[in-house]
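What follows is each chain in one-letter form.
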Amino acid sequence: MTETTSVLGGIVRRKEDPALIRGVGVYTDDITLSGQLYVAFVRSPFAHATITQLETSEAEAMAGVWAVYTIDDVRDLGPLLAQVPVGQARPLLADGVVKHVGEAVAMVIAEDRY
């Protein structure tokens, strides 16, 4: 069993590392379920930018795409801690202004990851 330090400074005993290092572990990406859908995030190439428009119609019309979400679709979820370091809540998707390269501006739900 290996140990690592958590973001809060405590020791976390990890049981899964030896299997993953040997190549016999199971990652969530290895799991395939009937009817499974995938999510892909459209990410900003800019460090700081104002979002003036997000055109989603072309993506929505593609075969296999189930949904395309922007901040207008998920704003009611409120800020989430999962996207950034502990203690700083942010919207799931950029809301009006992109604040760093790679910030998610839209998400696409589809039958395959491509």
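Above this text you will find the structure in question.
Just so we're clear, the structure is a prediction, and the values are computed from it rather than from any experiment.

Rules and cut-offs
Sequence order as written defines the numbering, with residues in each chain counted from 1. A pLDDT threshold of at least 70 governs which residues receive local features in this predicted model, and a stricter bar of 80 or more applies before side-chain atom pairs are shown or counted, although totals over entire chains, interfaces and linings include all residues. Hydrogen atoms and water are omitted, and side-chain values are computed over all heavy atoms in the structure. Here a strand is any run of E in DSSP of at least two residues, a helix any run of H or I of at least four, and the numbering for each starts at the N terminus. Burial here depends on accessible area, computed with a 1.4 Å probe over protein chains only, as a share of the maximum for the residue type. Under 20% is buried, over 50% is exposed, and the range in between is partly exposed. All accessible areas in this document rest on Shrake-Rupley with a 1.4 Å probe, and a residue is counted as covered only by the protein chains that are shown. One requirement defines pairing of two strands: DSSP has to find at least two bridges between them. For helices, the fitted line uses only the C-alpha atoms of the stretch in contact; every axis is such a line through C-alpha atoms, and the angle between N-to-C directions lies from 0 to 180 degrees. Here a cavity denotes grid points, spaced 1 Å and computed from the protein atoms alone, that fit a 1.4 Å probe unable to get out, and a pocket denotes an open set having protein on both sides within 12 Å along at least 5 of 7 lines; residues with an atom within 4 Å of a point are the lining. Grid points are joined across faces, edges and corners, and a volume is the space filled by probe spheres set on the points. The nonpolar class holds Ala, Val, Leu, Ile, Met, Phe, Trp, Tyr, Cys and Pro. Asp, Glu, Lys and Arg form the charged class, and all remaining residues, Gly among them, are polar.

> Run through the overall build of the protein chain, naming residues and quoting values.
On a plain count of helices and strands, the protein chain comes out with three helices and seven strands. For the protein chain, with 114 residues in total, the buried portion stands at 20%. For the protein chain, the computed accessible surface area is about 8,600 Å², with 57% contributed by carbon and sulfur atoms.

> Can you tell me about the sheet that holds strand 3 (residues 38–43), naming the residues and giving the values?
If you walk across this open sheet you meet the three strands as 3-7-5, and the pairing is antiparallel. Looking at strand neighbours, the two that pair on one side only are strand 3 and strand 5 (65–69), the edges of this open sheet. Averaged over all pairs of adjacent strands, the angle between strand axes in this sheet comes to 20°, irrespective of strand direction. Inspection of the sheet shows strand 3 paired to strand 7 (residues 104–110) by six bridges, in the antiparallel sense. Bridge pairing in strand 7 links Phe41 to Met107.

> Describe the layout of surface pockets, and please don't skip the residues or the numbers.
In this model, the largest pocket occupies a volume close to 220 Å³. Put simply, the parts of the chain that give the lining of the largest pocket at least two residues each are strand 3 and strand 7. The element best represented in the lining of the largest pocket is strand 3, accounting for three residues. Partitioned by chemical class, the residues of the lining of the largest pocket number ten nonpolar, one polar and three charged.

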